[in-house]
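# Coordinates in review
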Amino acid sequence: MTGSDVLASLQPRLPSPLQEVRDARFARHGVRLLLKRDDLIHPELIGNKWRKLAPNLDAAAGRGIVTFGGAYSNHLRATAAAGRLLGFPTTGVVRGQELADRPLNPSLARCAADGMRLHFVDRSTYRHKTDPETLAAILRAAGAEDAYAVPEGGSNAEAVRGCISLGTELRGHADVVALACGTGGTLAGLTAGLAPTQRTLGIPVLKGRFLTAGIQTLQEQAFGGHRGTWSLDDRFHFGGFARTTPELDTFAEDFEQRHGLPVERLYVAKLLYGLVALAEEGSFAPGSTLAAVITGRP
């Protein structure tokens with residue numbers, strides 16, 4: 001049985017629901033808003049994490065998985081949950097050696113409860129984790145030399161190709177498809193699945209303006225070159241990954257009350273805030289339909 005067959009045994013909700021919401025902040029500009037509810041695919045393997053993990057489990061061919069992330073990584077949590085549900089070992093390489101001597105935050109505690117072995121590395125080493133020699137040393141130190149390595153955020157060529165289905169599910173439903181971006185793998189794949197008349201808008205949740213090159217590299221690795229029409233707007237990171245502000249929290253609470261949708265703060269709130277701001281700026285043509293991909297839950 002392949003990795004995707006095993007995942008299918010968990011009965012994912014695919015295609016994920018597409019829900020229209022009526023919001024005056026969009027309606028007054030003639031824009032129709034849809035929510036692509038990837039957060040409802042599976043209660044534990046949520047959103048784009050499901051789409052990225054299935055092809056990587058195929059590639060792992062039964063081996064354990066070692067992967068990488070920060071202290072609040074949704075990807076680490078999803079990988080740990082998959083390991084528990086499907087019975088394979090997982091190792092998480094966590095950025096920040098100083099965290100090793102502190103109590104685990106709720107995110108890392110969940111990983112550990114799901115059976116993931118956590119290996120902390122200093123931030124300088126972590127920055128160079130893609131260098132072959134550094135990666136080999138990390139895997140030796142983590143006791144994960146025989147494991148299948150999945151990069152930070154789960155974004156590699158296999159994951160990008162796994163996200164094409166997100167685009168094909170949205171074909172014909174929206175003029176613009178928008179999502180929050182961490183490593184850019186989901187955007188790189190979904191935009192390849194859209195129709196030529198559709199475009200993708202990414203809202204980066206990290207500072208640095210580095211994501212364009214990363215997405216281009218992922219598309220080259222997955223498809224041999226550029227695919228689709230996409231752009232990024234990096235004004236809505238609110239200070240960087242895992243950062244929020246009272247203004248963002250207030251916005252998210254208001255959106256929850258308006259639409260009955262639990263709003264995850266690190267990705268989804270920044271996406272939705274950005275879309276409201278862009279609608280006010282007139283960035284979406286009157287009469288157009290906007291689909292926001294909801295990639296996670298609180």
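Computed from a predicted structure; not experimentally measured.

### Comments concerning the overall build of the chain
When you go through the chain residue by residue, the secondary structure sums to 13 helices and 10 strands. Taken over the C-alpha trace, the chain has a radius of gyration of 19 Å; the compact-globule value for 298 residues is 19 Å, and the two agree within 12%. Burial statistics for the chain: of 298 residues in total, 53% are counted as buried. Here the analysis covers contacts within the chain between residues at least 6 apart in sequence; of these, 73% occur between residues at least 24 apart. Carbon and sulfur atoms form 50% of the exposed surface of the chain, whose accessible area is close to 12800 Å². Side chains of the chain carry 33 positive and 30 negative charges; the gap between the two charge centres is 2 Å.

### Overview of the pattern of salt bridges
Summed over the entire model, instances satisfying the criterion amount to 21 salt bridges. Among the ionic pairs, Asp254 bridges to Arg25, the shortest N-O distance being 3.6 Å. Linking Asp254 in helix H12 (residues 246-259) with Arg25 in helix H2 (residues 24-27), this pair joins segments that are 229 residues apart in sequence. Salt-bridge contacts for Glu256 lead to Arg265; the nearest nitrogen and oxygen are separated by 3.2 Å. One connected set of salt bridges, linked through shared partners, spans Asp23, Arg25, Asp254 and Arg258.

### Section: the sheet that holds strand S4 (residues 90-95)
An order of S5-S4-S3-S6 is seen for the four strands of this open sheet, with the pairing classed as parallel. Single-partner strands in this sheet number two, and they are strand S5 (117-121) and strand S6 (148-150). In this sheet, neighbouring strand axes are inclined to one another by 25° on average, regardless of whether the strands run parallel or antiparallel. Taken together, the three bridges between strand S3 (residues 65-69) and S6 define a ladder with parallel strand orientation. Pairing of Ile65 across the sheet is with Tyr148, part of S6. Across the sheet, helix H3 (residues 48-60) is in contact with S3 and S6; its angle to S6 comes to roughly 155°. Packing of helix H4 (residues 74-86) onto the sheet brings it into contact with S3, S4 and S6, and relative to S3 it is tilted by some 160°.

### Re the sheet that holds strand S8 (residues 199-204)
Within the open sheet, the six strands sit side by side as S1-S2-S10-S7-S8-S9. Their pairing is mixed. The two strands at the open ends of the sheet, each matched to only one other strand, are strand S1 (18-21) and strand S9 (230-232). Sheet twist, expressed as the mean angle between neighbouring strand axes with direction ignored, is 25°. Summarising the sheet, strand S7 (residues 176-181) and strand S10 (residues 289-293) pair through three bridges and their orientation is parallel. When the bridges of S10 are listed, Ala178 appears paired with Ala292.

### Here we look at the packing of H12 against helix H13 (residues 268-280)
Taken N-terminus to C-terminus, the directions of H12 and H13 make an angle of 85°; their axes are 10 Å apart at the nearest point. Compared by their axis directions, H12 and H13 come out roughly perpendicular. Across from Glu247, Leu248, Phe251, Ala252 and Phe255 in H12, the residues of H13 making contact are Ala269, Lys270, Leu272, Tyr273 and Val276.

### Quick notes on the environment of Thr212
If you trace the backbone, Thr212 turns up in helix H11 (residues 211-223). Using a relative accessible area of 35% as the deciding quantity, one classes Thr212 as partly exposed. In this structure, the C-alpha to C-alpha distance between Thr212 and Leu104, residues 108 residues apart in sequence, is 33 Å.

### Examining the pairing of strand S2 (residues 32-36)
Each regular strand shows side chains that alternate between the opposite faces of the sheet. Burial analysis of S2 places four of its five residues in the buried class, which makes it a mostly covered element. As paired elements, S1 and S2 share four bridges and run antiparallel to each other. The residue of S2 that forms the bridge with Glu20 is Leu34. For S2 and S10, the ladder comprises five bridges, and the chain directions are parallel. Residue Lys36 lies in a different strand from S10, and its bridge partner there is Val293.

### Here's the deal with the packing of H4 against helix H5 (residues 106-113)
With their axes 8 Å apart at the nearest point, H4 and H5 run at an angle of 20° to one another. If you check the angle between H4 and H5, you find them roughly parallel. Every pair of crossing elements has a handedness; the one defined by H4 and H5 is left-handed. Facing Leu76, Arg77 and Ala80 of H4, the residues of H5 in contact are Ser107, Leu108, Arg110 and Cys111. Per-class residue counts for the contact of H4 with H5 are four nonpolar, one polar and two charged.

Conventions and cut-offs
Residues numbered from 1 in each chain as written. Predicted model: local features only at pLDDT ≥ 70, side-chain atom pairs only at ≥ 80, totals over all residues. Heavy atoms only, no water. Helix = DSSP H or I, 4+ residues; strand = E, 2+ residues; numbered from the N terminus. Rg over C-alpha atoms; globule rule 2.2 N^0.38 Å. Buried < 20%, exposed > 50% of the residue type's maximum accessible area, 1.4 Å probe, protein only. Contact = heavy atoms within 4.5 Å. Areas by Shrake-Rupley, 256 points an atom, 1.4 Å probe, with all protein chains shown as cover. Lys, Arg positive; Asp, Glu negative; His and termini not counted. Charge placed at Lys NZ, Arg CZ, Asp CG, Glu CD. Salt bridge = Lys/Arg side-chain N within 4 Å of Asp/Glu carboxyl O. Pairing = 2+ DSSP bridges. Axes fitted to C-alpha atoms, helices over the stretch in contact; angles between N-to-C directions. Parallel < 35°, antiparallel > 145°, perpendicular 65-115°, else oblique. Left-handed = near helix turned anticlockwise from the far one by under 90°. Nonpolar A, V, L, I, M, F, W, Y, C, P; charged D, E, K, R; others polar.

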